[in-house]
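An overview of the molecular structure
The residues making up each chain are set out below.
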Amino acid sequence: MGRPNIVEVKNLSAAYGQSKVLFDVSLKIKANERVSIVGRNGAGKTTLLKCMASLLAPTNGSVVYDRTELVGKQSYEVARMGLKYIDQDKHVFLDLTVRENLELSSYATGDYDWDKVFKHFPKLKILIDRKGAYLSGGERQMLMVGRAILGDPKVLLIDEPTEGLAPSIVDDLVTTFHELSKDCAILTVGQNLSFVSRIAERIYAMKEGKLVAEITDAAEIKNSSYSHYL
Ligand SMILES: Nc1ncnc2c1ncn2[C@@H]1O[C@H](COP(=O)(O)OP(=O)(O)O)[C@@H](O)[C@H]1O
Ligand SMILES: [Mg+2]
């Protein structure tokens, strides 16, 4: 367990106007670790990920990634440095094909190693000429993650990866995330406990803007004994 921390969040707080939603959140992610945050709707999971990816400015606190402070940086800089946020709405360009969606990300990252994308998501190769509008939820999720792994990220922050997906697709994602974590750390947030139990090495429980527990015991993770935190 001597892996270095790739991310360290310290005392992070955030607000929308006068309404405070994150309170002193501190967490760490080790290189190549799979971590999940579980919490109900409105707990602050998305707000936390957006602060980590510099899509939202925290009111206080620090996010250190690979020994660099991210607070104050632009989100595109953070993405280029290798920390990628994948949003919960599965936004792909609906009028563009899978190929064109990937091309846009290649322009942005300067990375054209699509073989890696097809290795993890062979289905995308078959769907290469299909427009975003005609992809299923699972296929959109594949495309979102596929775009994110261009450019060799060190950390993927994935918001509600299984929401609205069929169980068989979720099974595929479990396998894929295990494979992907050989190359990068993965933080997922959500409420799908059976998914979390199958991928997470460590879990944080979030309630009303605070991290209220950390679960590290493999047996507790496997049998979802952390469900009472939801
Ligand atoms: N753009 C926003 N403006 C104002 N309040 C927001 C905004 N986004 C989220 N919130 C509020 O912040 C809290 C945390 O939301 P969010 O981070 O989306 O939680 P989660 O992802 O865990 O469901 C909720 O009370 C939500 O209503
Ligand atoms: Mg959310």
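I will try to describe carefully the structure that is included in this document. Each residue is numbered by its place in its chain's sequence as written, counting from 1. Both sets of labels track the order of writing: A upward for chains, 1 upward for ligands. Given that this is a predicted model, residues contribute local features only at a pLDDT of at least 70 and side-chain atom pairs are listed and counted only at 80 or more, while totals for whole chains, interfaces and linings are drawn from all residues. Here the side-chain values reflect all heavy atoms present in the structure, with hydrogen atoms and water set aside.

1. Side note on the site of ligand 1
Here, proximity means that at least one heavy atom of the residue falls within 4 Å of the molecule or strand. Close to ligand 1 lie Tyr16, Val21, Arg40, Asn41, Gly42, Ala43, Gly44, Lys45, Thr46 and Thr47. Think of a polar contact as two N or O atoms within 3.5 Å of one another; within protein, one of them needs to be a possible hydrogen donor and the other a possible acceptor, and neighboring residues in sequence only count if both atoms come from side chains. Alanine 43 is positioned with one of its backbone polar atoms (N or O) 3.2 Å from an oxygen atom of ligand 1. Accessibility throughout is a Shrake-Rupley quantity obtained with a 1.4 Å probe, and a residue counts as covered only by protein chains that appear here. Burial of ligand 1 by the protein chains amounts to 56% of its free accessible area of 560 Å². Strands here are runs of E lasting at least two residues and helices are runs of H or I lasting at least four, both read from the DSSP assignment and numbered beginning at the N terminus. Here the element with the most residues in the shell around ligand 1 is helix 1 (residues 45-52); it accounts for three residues. In this count, Pro and Cys sit with the nonpolar residues alongside Ala, Val, Leu, Ile, Met, Phe, Trp and Tyr, while Asp, Glu, Lys and Arg are called charged and the others, Gly among them, polar. A breakdown of the residues in the shell around ligand 1 according to their chemical character gives three nonpolar, five polar and two charged.

2. A word on the sheet that holds strand 10 (residues 210-215)
If DSSP finds at least two bridges between two strands, the strands pair. Taken in spatial order, the six strands line up as 6-7-8-3-9-10 in an open sheet, and their pairing is mixed. Looking at strand neighbours, the two that pair on one side only are strand 6 (83-86) and strand 10, the edges of this open sheet. Between one strand and the next, the sheet's axes are offset by a mean angle of 20 degrees, whatever the strand orientation. Any two residues having at least one pair of non-hydrogen atoms within 4.5 Å are treated as being in contact. Axis geometry follows a simple rule: fit a line to the C-alpha atoms, using only the stretch in contact for helices, then measure angles between N-to-C directions, giving values from 0 to 180 degrees. Running over the sheet, helix 7 (residues 167-180) touches strand 3 (34-38), strand 7 (155-159) and strand 8 (185-190) and is turned about 145 degrees from strand 8.

3. Some thoughts on the nonpolar core
What we call a nonpolar core is a set of buried Ala, Val, Leu, Ile, Met, Phe, Trp, Tyr and Cys residues that are connected through their side-chain atoms within 4.5 Å. Exposure classes here rest on a 1.4 Å probe applied to the protein chains alone. A residue is buried below 20% of its type maximum, exposed above 50%, and partly exposed in between. Counting residues in each nonpolar core, the largest one holds 31 residues, and the members touching the most others are Val98, Leu102, Leu124, Val145, Leu156 and Phe177. Among the secondary structure elements, those contributing two or more residues to this core are helix 3 (98-109), helix 4 (114-120), helix 6 (137-149), strand 7, helix 7 and helix 8 (193-199). If one sorts the elements of this core by residue count, helix 6 sits on top with six residues. Sequence-distant contacts of leucine 102, that is, excluding residues within four places in its chain, are made with Trp114, Val117, Phe118, Leu143, Gly146, Arg147 and Leu150. Among the nonpolar cores identified, the runner-up in size contains 30 residues, and Ile6, Ile29, Val35 and Leu70 belong to it.

4. Side note on the pairing of strand 10
Inspection of the sheet shows strand 9 (residues 202-207) paired to strand 10 by five bridges, in the antiparallel sense. Looking across to strand 10, one finds that methionine 206 is bridged to leucine 211.

5. Brief notes about the environment of leucine 83
Looking at where leucine 83 falls in the secondary structure, it is placed in strand 6. Of the residues examined, leucine 83 reaches a relative accessible area of 1% and is grouped as buried. Spatially, the C-alpha atoms of leucine 83 and aspartate 152 are 9.5 Å apart, while their sequence positions differ by 69 residues. With sequence-adjacent residues up to four places away left out, leucine 83 is seen in contact with Val7, Met52, Ala53, Tyr65, Leu70, Val78, Val155 and Leu157.

6. Quick word on helix 7
Within an α-helix, residues lying three or four positions from one another point in the same direction, as the helix has 3.6 residues per turn. Multiplying one less than the number of residues by 1.5 Å gives the expected span of a helix. Its 14 residues give helix 7 an end-to-end C-alpha distance of 20 Å, which sits within 8% of 20 Å, the value for a rise of 1.5 Å per residue. If you follow the buried residues of helix 7, they end up packed against strand 3, helix 4, helix 6, strand 7, strand 8 and helix 8.

7. A word on the coordination of the magnesium ion (ligand 2)
Listed donor atoms are N, O and S within 2.8 Å of the metal (Na, K and Ca: 3.2 Å). As water is not included, a site may look incomplete. Of the protein atoms, only Thr46 (OG1) and Gln88 (OE1) coordinate the magnesium ion (ligand 2), at distances of 2.0 to 2.5 Å. Here threonine 46 is found in helix 1, whereas its partner glutamine 88 is found in the loop between strand 6 and helix 3, with 42 residues between them in sequence. Owing to a relative accessible area of 23%, glutamine 88 belongs among the partly exposed residues under this scheme.

8. Some thoughts on the pairing of strand 1 (residues 5-16)
Bridging between strand 1 and strand 2 (residues 19-30) involves eight bridges; their strand directions are antiparallel. Across the sheet, residue alanine 14 finds its bridge partner in strand 2, namely leucine 22. Linking two consecutive strands that pair antiparallel, namely strand 1 and strand 2, is a turn of two residues; a positive phi of about 60 degrees is found at glycine 17 within it. Of the pairings in the sheet, the one linking strand 1 to strand 4 (residues 60-65) comprises five bridges and is antiparallel in character. Across the sheet, residue valine 9 finds its bridge partner in strand 4, namely valine 63.

9. Quick word on the sheet that holds strand 2
Judged by pairing direction, the sheet is antiparallel, and its four strands sit side by side in the order 2-1-4-5 without closing on themselves. At either end of the open sheet lies a strand with only one pairing partner, and these are strand 2 and strand 5 (68-69). By the bridge criterion, two bridges tie strand 4 to strand 5 in an arrangement that is antiparallel. Residue pairing across strands places valine 64 opposite glutamate 69, the latter belonging to strand 5. Lying over the sheet, helix 1 contacts strand 1, strand 2 and strand 4, oriented at roughly 65 degrees with respect to strand 2.

10. Quick word on the packing of helix 6 against helix 7
The description of two packed helices rests on the angle between their axes and on the distance between the axes. Across the interface, helix 6 lies against helix 7 with an axial gap of 11 Å and an inter-helix angle of 10 degrees. If you check the angle between helix 6 and helix 7, you find them roughly parallel. Across from Gly138, Gln141, Val145 and Ile149 in helix 6, the residues of helix 7 making contact are Ile169, Leu173, Phe177 and Leu180. For the contact of helix 6 with helix 7, the residue count by class is six nonpolar, two polar and no charged. Roughly parallel covers angles under 35 degrees, roughly antiparallel covers those over 145, roughly perpendicular covers 65 to 115, and oblique covers all other angles.

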